[in-house]
Number of protein chains: 2
Amino acid sequence: MEKKYEELKTRLLEINDINAATAVLGWDQSTYMPPGGAAARGRQLSTLGRLSHEKFTDPAIGHLLDDLTPWAESLPYDSDEASLIRVTRRNYEKAIKVPPMLLAAMYAHGAATYQKWTKARPENDFAGIQDDLAQTLDYSRQIADCFPGYDHIADPLIDFADQGMKAASVRQLFAELREQLVPLVQAITAQPLADDSCLHESYPEDEQLAFGREIITAYGFDFARGRQDKTHHPFMTKFSLGDVRITTRVQENNLNEALFSTLHEAGHAMYEMGINPAYEGTPLAEGTSSGVHESQSRLWENLVGRSRPFWNHYYPKLQAAFPDQLENVPQETFYQAINKVFRSLIRTDADEVTYNLHVMIRFDLELALLEGTLEIKDLPEAWNSRYESDLGIRPSSDVNGVLQDVHWYGGLIGGAFQGYTLGNIMSALFFDQAVQAHPDIPAQIELGEFGILHGWLKENIYQYDAKYTANELIERITGEPLTIDPYIRYLYAKFGDLYELPA
Amino acid sequence: MEKKYEELKTRLLEINDINAATAVLGWDQSTYMPPGGAAARGRQLSTLGRLSHEKFTDPAIGHLLDDLTPWAESLPYDSDEASLIRVTRRNYEKAIKVPPMLLAAMYAHGAATYQKWTKARPENDFAGIQDDLAQTLDYSRQIADCFPGYDHIADPLIDFADQGMKAASVRQLFAELREQLVPLVQAITAQPLADDSCLHESYPEDEQLAFGREIITAYGFDFARGRQDKTHHPFMTKFSLGDVRITTRVQENNLNEALFSTLHEAGHAMYEMGINPAYEGTPLAEGTSSGVHESQSRLWENLVGRSRPFWNHYYPKLQAAFPDQLENVPQETFYQAINKVFRSLIRTDADEVTYNLHVMIRFDLELALLEGTLEIKDLPEAWNSRYESDLGIRPSSDVNGVLQDVHWYGGLIGGAFQGYTLGNIMSALFFDQAVQAHPDIPAQIELGEFGILHGWLKENIYQYDAKYTANELIERITGEPLTIDPYIRYLYAKFGDLYELPA
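Residues numbered from 1 in each chain as written. Chains lettered and ligands numbered in written order. Predicted model: local features only at pLDDT ≥ 70, side-chain atom pairs only at ≥ 80, totals over all residues.

Draft legend 1. Molecular detail of the overall build of chain A. Within chain A, the secondary structure is distributed over 21 helices and three strands. Across its three principal directions, the C-alpha atoms of chain A cover 70 × 50 × 50 Å. Of all 503 residues assigned to chain A, the portion counted as buried reaches 43%. Residue pairs in contact within chain A that sit at least 24 positions apart in sequence constitute 72% of those at least 6 positions apart. (Helix = DSSP H or I, 4+ residues; strand = E, 2+ residues; numbered from the N terminus. Buried ≥ 20, exposed ≤ 12 C-beta atoms within 10 Å, placed from the backbone. Contact = placed C-beta atoms within 7 Å.)

And the structure:
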């Protein structure tokens, strides 16, 4: 058995290396590639993607898994061996169910649609891309139909991103959350808007980046095992456990942009940097779910990085870095500015309170599209109506409406958005647990020290990565299924301090 | 046949894409990779290398080539189809003769020896690495022995880098060259040394790089299809015909370093940028020989970039960029400084006249090692004696002696050096032909215009890339085999203007 187990690991390592190369090519495409490289790069990425898929769906892997599964089941569930075989089998069963031809056609269509979208968005041309999107919807349904027996057609797609979650369970959780959020948003937005003009002075790029680097270094982002570059859209990518990179976008007249996206992406990166090194090169080191990943980015961005204790430490430093812009701005004004709640049209600019309403609109529309109760041609109107009813604000054009997010235009409709809100919910849940275990964490944050929090996250979350599903992880940590309670308590406590809130 | 030809091209394109990914990973390793990524990167590179070799040595490729060769032979020799099949077959025959196990062992040994060398060199520890080098010699002999029937054991290794060249033919050419060079070096070095102190003022890095970029842009380096980054050792790498990159090293107190290595690497890059786009993704776009490639880098570095007409145009610009350093330095002083001839120990710092003596020493020592007439343990003494007899200067330590060049410590002894001198010889040959065709080229250079020269090179050399071997290319262009005459004429004309020379 040990020999077969080693053979499996050898095969998985080869696939891991091909995937790492794909990631390097993708990073380079976004950071440094000259324009002339685009066409060949698309082809190179598709070649590597196909190779990796071929290698992973090789029947030899299926035979090894068949042979190894009884052995794995005789081992403790938590053991690395049992976990590796269990997780690999789960991924394998998913991979072999999708015909390679369908996958290739969908990738090619996704790449072409993405290119079209980069032009359609600035030109406000939804009509010009709606047939492509209809084709994407058709492909997405075909992918879902590779997994017969689902309760809801979105379930297989949700499961790709958030293993173990289903349309029904997410809907239930989101319904509970909406019930709490809507009155909260109404109460806050009825009150005067915070003044955030201090964030929109001119902040030189290099100093912004230096300040972000100082913070994430203190967080525990290890620059010997990572780096930061600039891209049009921020992201995190991993080539190995010793090479985890983040990217950042800087706006000179918007201090929010680079700072909080740096903290956000560093949260993703520290998760990857903290995985048990024994899992390097295996599917155990490939991320357990989009929700858990997002919980780590949001925790460091919001629960730490937008908190009072944090700025008690960092605001004097920020003032020192930007004396012309902030010398005369009181800390309270700055704190209110970075936590300004407002009805907005753009998800990525949204505050902590309204953000989830943006996500839920997209989640509901995805389900309706997949169910067939909404047609692509009616999507812009459905989008705008929901913004009007949920957020009290109607997009003036599709640029600020249905054309804003890349996700659907990248080739798949379904499963792309729920992770953002699951992540928010979990971020508060995990932070709450960490503080219960170490009540001095807020005091440490106030000193600019993050080691205890980082250590708790590493011990309880990072190291396991895909060994446990999100649900298993939450059960292990809290002893209960996922609940929104800590998140609601967090929002009420934080924003109750800033606004009059309903009881 | 067309169908089989397309199948061959499809397979070659997949291999090309894997090789391109390998190149991206290598570039990233040298430019931006954090130290923590090193171990996994080594493994990823080796995985991709193995995959590419497996795909290329797949017997299916052999069968396609067998089927296609009679068809290719019925087509004109010059046709793209015949050339693609001929060149692929030649590469395939080479690839299948080397057992994958030997190749893998040699790569692993080479990577480990390289790591050891990066420590052994600063520590002047040849003794500590000589056993590894002896193993490298053994592997090199084994590789050569995969090609029985050679005249000299170095022939197969020379042929890898310079297709069609052999130890005997290179020796003959080098003997002729040496006969000319030795009296030239003796005559020049007997005269007073040029004063190059003006090159060793403090030159800020950004301005150095900007000046180099201005020149190579005028040369025809297309930044929409390429870029320049900084590395410890300068190199050129290609990911596709639309993405060709160079790297540069900058020394603030040595103006030679960044400037001439930029011109040199841009010469390599423009060659790759000028290949017929129809060859993209095939072995026709993989470089015809190290000698021809080096001829292009040396042509732009030396025959253009170290010439009088060039500096008649650029010296006032250089003075304007560095007024504090150069305002009071006459152009003639600068011109003499960048063309200073001197007996030196380091190949990469050597001037145009002595450079080839450095190369010939290495070439002769390689042959002696492979023949078995020289043992590794005796290599430092052999090296030092040759420097004394050929250059009249003896290394004080192995750091400036046998430990200086990476080549042997990278895993192969044989075939690594002759290309440098072949390139020098060819650079003058090709430049001479270009000027014969367009006598106004020097006048154009004096105006900072390089289009006619670039156009001639593209039409006569770049576009074909591996379609013709070096020998075929030279015959096509000059109607004769390779000759050192234009190179010797060039050296005599250029340095005769600066020094008293023998008749």
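Moving on from the model shown.
Draft legend 2. Fine view of the packing of helix α1 (residues 2–31) of chain A against helix α3 (residues 59–74) of chain A. Residues and elements named next belong to chain A. One way to put it is that α1 packs onto α3 with a least axis distance of 10 Å and a crossing angle of 145°. The handedness of the crossing between α1 and α3 is left-handed. Within the contact between the two elements, α1 uses K4, Y5, E7, L8 and R11 and α3 uses I61, L64, D67 and L68. Residue composition of the contact of α1 with α3, by class: five nonpolar, no polar and four charged. (Axes fitted to C-alpha atoms, helices over the stretch in contact; angles between N-to-C directions. Left-handed = near helix turned anticlockwise from the far one by under 90°. Nonpolar A, V, L, I, M, F, W, Y, C, P; charged D, E, K, R; others polar.)

Draft legend 3. Layout of the environment of A:P100. All names here are of chain A. For P100, the position within the fold is in helix α5 (residues 100–120). On the basis of neighbour counts, which here come to 13 C-beta atoms within 10 Å, the residue P100 falls in the partly exposed class. Along the backbone, P100 and H53 are 47 residues apart, and their C-alpha atoms lie at a distance of 8.0 Å.

Draft legend 4. Molecular detail of the relation of the copies chain A and chain B. For the pair chain A and chain B, the best superposition has an RMSD of 0.0 Å and corresponds to a rotation of 180° with a translation of 0.0 Å parallel to the axis. Taken together, these values place the two copies in the relation of a two-fold axis. The C-alpha atom lying nearest the rotation axis in chain A is that of A:A21; the distance is 3.2 Å. The fraction of interface residues of chain A whose copies in chain B are also interface residues reaches 100%, indicating that both copies meet through the same surface. (Least-squares fit on C-alpha atoms with pLDDT ≥ 70 in both.)

Draft legend 5. Spatial organisation of the sheet that holds strand β1 (residues 226–230) of chain A. All names here are of chain A. On the basis of which strands lie adjacent, the open sheet formed by three strands has the order β1-β3-β2 and mixed pairing. Looking at the sheet topology across the chains shown, the edges are occupied by β1 and β2 (236–240). Going across the sheet, the axis of each strand differs from the next one's by a mean of 20°, ignoring polarity. The pairing of β2 with strand β3 (residues 243–248) spans four bridges and is antiparallel. For T237, the partnering residue across the bridge sits in β3 and is R245. (Pairing = 2+ DSSP bridges.)

Draft legend 6. The arrangement of the domain arrangement of chain A in detail. Residues and elements named next belong to chain A. Domain boundaries assigned for chain A yield domain 1 (2–97) and domain 2 (197–341 + 436–466). Taking only C-alpha atoms, the centre of domain 1 and the centre of domain 2 are 30 Å apart. Within the residue set of the side of domain 1 that touches domain 2, elements represented by two or more residues are α1 and α4 (80–97). For the side of domain 1 that touches domain 2, the element with the most residues is α1, which contributes eleven residues. Taken together, the residues of the side of domain 1 that touches domain 2 sort by class into eight nonpolar, seven polar and two charged. (Domains from an automatic or database assignment.)

Draft legend 7. Representation of the packing of helix α11 (residues 290–304) of chain A against helix α17 (residues 418–437) of chain A within the structure. Residues and elements named next belong to chain A. Direction vectors running N to C along α11 and α17 enclose 60°, while the axes themselves pass 7 Å from each other. By the criterion of interaxial angle, the relationship of α11 to α17 is oblique. Relative to α17, the crossing made by α11 is right-handed. When α11 is examined against α17, the residues S290, G291, V292, E294, S295, R298, L299, N302 and L303 are found in contact with a partner set consisting of G419, Y420, L422, G423, N424, M426, S427, A428, F430 and F431. By residue class, the composition of the contact of α11 with α17 is nine nonpolar, eight polar and two charged. (Parallel < 35°, antiparallel > 145°, perpendicular 65-115°, else oblique.)

Draft legend 8. Focus on the pairing of strand β2 (residues 236–240) of chain B. In terms of burial, β2(B) is a largely internal element, five of the five residues being buried. Hairpin geometry of β2(B) and strand β3 (residues 243–248) of chain B is characterised by an intervening segment of two residues between the two adjacent antiparallel strands.

Draft legend 9. Here's a closer look at helix α8 (residues 167–189) of chain A. Residue and element names in this part refer to chain A. Most pronounced at R178, the bend in α8 amounts to some 25°. Looking at α8, one finds that the buried residues are A167, V170, F174, L177, L181, L184, V185 and I188. Buried positions along α8 lie against α7 (155–161), α15 (355–371), α17 and α21 (485–496). (Bend = angle between axes of the 7 residues up to and from the residue.)

Draft legend 10. Seen up close, the sheet that holds β3(B). Residue and element names in this part refer to chain B. Spatially, the three strands line up as an open sheet ordered β1-β3-β2, and their pairing is mixed. Each edge of the open sheet is held by one strand with a lone partner, namely β1 (226–230) and β2. Direction aside, the axes of adjacent strands within the sheet are offset by 20° on average. Strand contacts of helix α10 (residues 255–273): β1, β2 and β3, with the helix running at about 165° to β3, the strand carrying the most contacts.

Draft legend 11. Spotlight on helix α19 (residues 451–460) of chain B. Residue and element names in this part refer to chain B. Those residues of α19 that fall on the buried side of the exposure criterion are L453, W456 and L457. All buried residues of α19 project into a common sector of 95° when viewed along the axis, lining one side. Contact partners of the buried residues in α19: α17 (418–437) and α18 (441–446). (Arc of directions from axis to C-beta.)

Draft legend 12. Representation of unusual backbone geometry within the structure. All names here are of chain A. Even without being glycine, N124 reaches a positive phi, approximately 55°. Note that N124 resides in the loop between α5 and α6 (130–145). Owing to 15 C-beta atoms within 10 Å, N124 belongs among the partly exposed residues under this scheme.

Draft legend 13. Highlighting the environment of A:D80. Residues and elements named next belong to chain A. Following the sequence through the fold, D80 ends up in helix α4. We classify D80 as partly exposed; it has 15 C-beta atoms within 10 Å. Each C-alpha atom, one on D80 and one on K467, is 7.8 Å from the other, the two residues being 387 residues apart in sequence.

Draft legend 14. Structural view of the confidence of the model for chain A. Model confidence for chain A is summarised by a mean pLDDT of 96, while 100% of its residues fall at 70 or above. As a predicted assembly, this complex carries a pTM of 0.95 together with an ipTM value of 0.94. (pLDDT = per-residue confidence, 0-100.)

Draft legend 15. Main features of the environment of B:K377. Assignment of secondary structure puts B:K377 in the loop between α15 (355–371) and α16 (379–391). The sequence separation of B:K377 and B:Q130 amounts to 247 residues, and the corresponding C-alpha distance is 6.6 Å.

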